[in-house]
Amino acid sequence: MDDLAFGTRDKRGDWKPAARLELPPYWHWPLSPVAILKWLPGYLFPWNAFHMATALAYWYWVVPEVEAMKTLSWDWALRLYLVNAAAIFVMYGAIEFFFYVRRKQGTQFKYNGRFPAEQPSDVFWFKSQNLDNALRCFLFSIPLWTLVEVLFLWCFATGAVPWLRWVDHPVYLAALAFFAPMLHEVHFFVIHRLIHTPPLYKWVHSVHHNSINPSPWSSLSMHPVEGFIYHAVALWHLVIPSNPVLALFQLHLAGFGAINGHIGFDHLALGGRWKLRSHAYAHYLHHKFFEVNYGGDGLIPLDRWLGTWHDGSKEGEALMNARFKKKRERLNAKRQEA
């Protein structure tokens, strides 16, 4: 499939989609029920449906019995870590292997025309982005993912928080599941904006931003502080009346879902005419320009409302550059006053 039918490639080999990023149709006025109905399948499938499927699989085959979870124990906590690590190794590793090692579709639909393996740097452990990012996933982020998981499962099991049953509250819990990706986006925007403040960026978030050209292993390559507050989105289900399956779903939106913004390709070729849309472009622009698109796809458009949205167009870049210019002028004025 020719990616130039869907976008353009510059002299450096970087590809960008022709279509600009659009907010979901429920933010357009006048509202169009037809447009919303057309948008819904892409919202539910494949990614959110996949994360719900993994949450259900965990609940039935991985999560211990309730009685066991009433007592904090290294036994079931370590089991959860091993499953989480194995699942990430298979999911992230498969995409890394086929698209970054074997390069089965070359640079087709790849935003950055180069591959991390071609760019050794001293900012990474062993001068390797891939090795650095993978080690940070397994040594820091996945243990912290597991810590959050153990905490909310223990709270539900001990009755420390309400456990709403599906049979008693099917509509409410279904609605909560539907809005969970939006909760993820709001949580992510808030913590992401926080760790972009100068002290926290220098000591915490810069670890993640070392990967200017992100790949699958970059997804969970984080400083431990960021790794915890990122996965802590699932702890909202200890505040909101909820169900442990939905807390798992929320956690998987963060853990497994982190790859969406870091795949590095707009589409993954699955064979024949089949391709999988990554939804990676908004977050790729954040890695490229640093101070845009702190949230996600605009499910709740905090970036648009607060002036940090970049839709990938020339107009979006002009707005970003104008904002950067004003910021430089303010900083220069402060220096002169000092």
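Residues numbered from 1 in each chain as written. Predicted model: local features only at pLDDT ≥ 70, side-chain atom pairs only at ≥ 80, totals over all residues. Heavy atoms only, no water.

Turning to the packing of helix 2 (residues 47-61) against helix 4 (residues 74-101), a few remarks are in order. Two elements in contact, helix 2 and helix 4, have axes whose closest approach is 13 Å; the angle formed by their N-to-C orientations is 145°. You can see that helix 2 and helix 4 cross each other, and the crossing is right-handed. Residues Trp-47, Phe-50, Tyr-58 and Trp-61 of helix 2 form the contact with helix 4, whose own contacting residues are Arg-79, Val-83, Asn-84, Ala-87 and Met-91. Of the residues contributing to the contact of helix 2 with helix 4, the split by class is 7 nonpolar, 1 polar and 1 charged. (Axes fitted to C-alpha atoms, helices over the stretch in contact; angles between N-to-C directions. Helix = DSSP H or I, 4+ residues; strand = E, 2+ residues; numbered from the N terminus. Left-handed = near helix turned anticlockwise from the far one by under 90°. Contact = heavy atoms within 4.5 Å. Nonpolar A, V, L, I, M, F, W, Y, C, P; charged D, E, K, R; others polar.)

A few words now on the pairing of strand 3 (residues 267-271). The pairing of strand 3 with strand 4 (residues 274-277) spans 4 bridges and is classified as antiparallel. Note on strand 4: the bridge partner recorded for His-267 is Arg-277. Linking strand 3 back to strand 4 in an antiparallel pair, the connection comprises 2 residues, with Gly-272 at a positive phi of about 65°. (Pairing = 2+ DSSP bridges.)

We now examine the packing of helix 5 (residues 129-158) against helix 8 (residues 224-231). Taken N-terminus to C-terminus, the directions of helix 5 and helix 8 make an angle of 35°; their axes are 9 Å apart at the nearest point. Where helix 5 crosses over helix 8, the handedness of that crossing is right-handed. Residues Phe-140, Ser-141, Leu-144, Trp-145, Leu-147 and Val-148 of helix 5 form the contact with helix 8, whose own contacting residues are Pro-224, Gly-227, Phe-228 and His-231. Of the residues in the contact of helix 5 with helix 8, the class split is 7 nonpolar, 3 polar and no charged.

Close approach of charged atoms lets side chains of opposite charge pair. On inspection of all chains with the given rule, the structure shows 9 salt bridges. A salt bridge links Asp-3 to Arg-9, with the shortest nitrogen-to-oxygen separation between them at 2.3 Å. Residue classification places Asp-3 among the buried residues on the basis of a relative accessible area of 0%. Note that Asp-122 is salt-bridged to Lys-127, the shortest N-O span being 3.5 Å. (Salt bridge = Lys/Arg side-chain N within 4 Å of Asp/Glu carboxyl O. Buried < 20%, exposed > 50% of the residue type's maximum accessible area, 1.4 Å probe, protein only.)

Now for empty space enclosed by the protein. By the definition in use, this model includes 1 cavity of 30 Å³ or more. The calculated volume of the largest cavity comes to roughly 40 Å³. Taken together, Glu-185, Phe-189, Gly-295, Gly-296, Gly-298, Ile-300, Pro-301, Leu-302, Asp-303, Arg-304 and Trp-309 make up the full set of residues lining the largest cavity. Elements represented by at least two residues in the lining of the largest cavity include exactly helix 6 (170-194) and helix 11 (302-306). Ranked by the residues each element gives to the lining of the largest cavity, the list is headed by helix 11, at 3 residues. (1 Å grid on protein atoms, 1.4 Å probe; cavity = no way out; pocket = protein on both sides within 12 Å on 5 of 7 lines; lining within 4 Å. Points joined across faces, edges and corners; volume = space filled by probe spheres on them.)

The residue Thr-197 is located in the loop between helix 6 and helix 7 (198-209) in this model. Given a relative accessible area of 30%, Thr-197 falls into the partly exposed group. A distance of 2.6 Å separates a polar atom in the side chain of Thr-197 from the backbone oxygen of Leu-194. (Polar contact = N/O pair within 3.5 Å; in protein donor to acceptor, adjacent residues only side chain to side chain.)

Functional significance is not addressed by these values, which are geometric in nature.
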